[in-house]
Amino acid sequence: MQRITTFTSTTDAVQAIGNVPIDVNAQGIDLLSLSAHKFYGPKGVGALYIKKGVRIENLIHGGGQEKKKRAGTENIAGIVGCGRQSSLPLPISKVITQRSGQCATGS
């Protein structure tokens, strides 16, 4: 008899974004959460990556927002700001810090 075990990998990447490389495919990540302010985006905005085929249950039932996964008004300005900021390169002081492992002064 063959036993098949499945599990979902959940990654809290709030502190990792912009500090370490993340590759959801290579690292086998099914769910990944992040916060926009950690990569200089708007405060109070986050994102959840859900790998195609992974199913999650609703915690709050109601409206049809977020593909019927979450009820409530969406923060469109925050969502756009998060998406835009995630496509921009890190500030030079952050890049220098990552390469040298030293604190950057920002000057």
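Residues numbered from 1 in each chain as written. Predicted model: local features only at pLDDT ≥ 70, side-chain atom pairs only at ≥ 80, totals over all residues. Heavy atoms only, no water.

Caption draft 1: Fine view of the pattern of salt bridges. Considering all chains together, one arrives at 1 salt bridge under this definition. As a salt-bridge pair, Asp-30 and Lys-51 come within 3.8 Å of each other at their nearest N and O atoms. One end of the pair, Asp-30, is in the loop between β1 (10–12) and β2 (31–35); the other, Lys-51, is in the loop between β3 (46–50) and α1 (65–68), with 21 residues separating them in the sequence. (Salt bridge = Lys/Arg side-chain N within 4 Å of Asp/Glu carboxyl O. Helix = DSSP H or I, 4+ residues; strand = E, 2+ residues; numbered from the N terminus.)

Caption draft 2: View of the environment of Val-24. With respect to the element layout, Val-24 can be found in the loop between β1 and β2. For the pair Val-24 and Lys-51, spaced 27 residues apart in the sequence, the C-alpha separation amounts to 8.5 Å. With near-sequence residues (within four places) excluded, Val-24 lies in contact with Ile-29, Leu-32 and Tyr-49. (Contact = heavy atoms within 4.5 Å.)

Caption draft 3: Summary view of the sheet that holds β2. One open sheet holds the 3 strands; their spatial order is β1-β2-β3, and the pairing between them is mixed. Pairing within the sheet leaves two strands with one partner each, and these edge strands are β1 and β3. Each adjacent strand pair in this sheet contributes to an overall mean axis angle of 15°, direction not counted. One ladder, built from 5 bridges, connects β2 with β3; its direction is antiparallel. Along β3, the bridge assignment pairs Ser-35 with Gly-46. (Pairing = 2+ DSSP bridges. Axes fitted to C-alpha atoms, helices over the stretch in contact; angles between N-to-C directions.)

Caption draft 4: A look at the side chain of Ser-9. Considering the arrangement of structural elements, one finds Ser-9 in the segment before β1. Owing to a relative accessible area of 18%, Ser-9 belongs among the buried residues under this scheme. Ser-9 has contacts with Gly-28, Ile-29, Asp-30 and Leu-31, leaving out every residue within four places of it along the chain. (Buried < 20%, exposed > 50% of the residue type's maximum accessible area, 1.4 Å probe, protein only.)

Caption draft 5: Spatial organisation of the pairing of β2. Across the 5 residues of β2, 4 count as buried, placing the element largely inside the fold. With 3 bridges joining them, β1 and β2 adopt parallel strand pairing. Bridge pairing in β2 links Thr-10 to Leu-31.

Caption draft 6: Representation of the environment of Thr-73 in the model. In this structure, Thr-73 sits in the loop between α1 and α2 (76–86). Separated by 10 residues in sequence, Thr-73 and Gly-63 have C-alpha atoms that sit 8.9 Å apart.

Caption draft 7: Looking closely at the nonpolar core. With 11 residues, the main nonpolar core is built from Ala-13, Ala-16, Ile-17, Val-24, Ile-29, Leu-32, Leu-34, Ala-36, Phe-39, Val-45 and Cys-82. Among residues more than four places away in sequence, those in contact with Cys-82 are Ala-36, Phe-39, Pro-42 and Val-45. (Core = buried A, V, L, I, M, F, W, Y, C linked by side-chain atoms within 4.5 Å.)

Caption draft 8: Broad picture of unusual backbone geometry. A positive phi angle is found at Tyr-40, which is not glycine, with a value near 70°. Following the sequence through the fold, Tyr-40 ends up in the loop between β2 and β3. Judged by its relative accessible area of 44%, Tyr-40 is partly exposed.

Caption draft 9: Quick peek at a nonpolar patch on the surface. On the surface, Ile-76, Ile-79 and Val-80 cluster together into a nonpolar patch covering about 280 Å² of accessible area. Position of Val-80 relative to the elements: it lies in helix α2. (Patch = residues over 30% accessible without salt bridge, like charges linked within 9 Å, V, L, I, M, F, W, Y side chains within 5 Å. Areas by Shrake-Rupley, 256 points an atom, 1.4 Å probe, with all protein chains shown as cover.)

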